[in-house]
Amino acid sequence: VQLQAFGGGAVQTGGSLRLSCAASGRTFSFRYMSWFRQAPGKEREFVGALKWSGGHTYYADSVKGRFTISRNNAKDTMFLQMNDLRSEDTAVYYCTASPSEIQSNIASQFAYAYWGQGTQVTVSS
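Residues numbered from 1 in each chain as written. Predicted model: local features only at pLDDT ≥ 70, side-chain atom pairs only at ≥ 80, totals over all residues. Heavy atoms only, no water.

K.L.:
Would you explain the sheet that holds strand 3 (residues 17-24) in this entry?
P.N.:
Across a sheet, paired strands are connected by hydrogen bonds in the backbone, their directions being either parallel or antiparallel. Pairing is antiparallel across the open sheet formed by four strands, whose spatial order is 1-3-8-7. Edge positions in the open sheet fall to strand 1 (2-6) and strand 7 (67-72), since each of these has one partner strand only. Neighbour-to-neighbour, the strand axes of this sheet turn through a mean angle of 15°, independent of strand direction. Sheet topology note: the strand 7/strand 8 (residues 77-82) ladder contains six bridges and is antiparallel. Directly across from F67, in strand 8, lies its bridge partner M82. (Pairing = 2+ DSSP bridges. Helix = DSSP H or I, 4+ residues; strand = E, 2+ residues; numbered from the N terminus. Axes fitted to C-alpha atoms, helices over the stretch in contact; angles between N-to-C directions.)

This is the structure:
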């Protein structure tokens, strides 16, 4: 399995960005795909998740109402639409996937088996 995240960049406060995560390999085994982020000097934190079957989404409180996760099934791609960006959203964003049923641990980075490289998002005023 390979995951590739892209679409990061620099944006001003209040702006928008759309991240993409392209998956290849045994994607049929995925049960969840998620986004995490890590700011300098901080621990990696959960941003949101997508249950592959059914498309249910979950979000951290800090991004709820501003970020939206979606997918393109045909292309095995997950998206993270980020609106109303704030300086505290500055981080490296990672996409991840799990072949296991992890709903009770969905916000734990240790629940995920596959990780992509990160993409930097920088929000400045």
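K.L.:
Mind showing me how you'd approach the packing of aromatic side chains here?
P.N.:
Two descriptors summarise a pair of aromatic rings, namely the distance from one centre to the other and the angle between the planes of the rings. What the rule picks out here adds up to eight aromatic pairs. Taken together through their ring pairs, the aromatic side chains of F36, F46, Y94, Y112 and W115 make up a single cluster. Above the ring of Y94, the side-chain terminus of R44 is found at 4.0 Å from the ring centroid. Above the ring of W52, the side-chain terminus of R71 is found at 5.4 Å from the ring centroid. (Phe/Tyr/Trp six-rings, centres within 6.5 Å; stacked < 30°, edge-to-face > 60°. Lys NZ or Arg CZ within 6 Å of the ring centre and 35° of its normal.)

K.L.:
Looking at this structure, I do not really get the state of the cysteines. What am I missing?
P.N.:
Each disulfide consists of a covalent bond between the sulfur atoms of two cysteine residues. Following the criterion strictly, the structure yields one disulfide and no others. Across the disulfide from C21 sits C95; the S-S distance is 2.2 Å. Residues C21 and C95 are joined by a disulfide whose S-S torsion is about 65°; by sign, that bridge is right-handed. With a gap of 74 residues between them, C21 in strand 3 and C95 in strand 9 (residues 91-98) connect regions that are remote in the sequence. Residues C21 and C95 agree in their burial class; the two are buried. (Disulfide = S-S within 2.5 Å. Buried < 20%, exposed > 50% of the residue type's maximum accessible area, 1.4 Å probe, protein only.)

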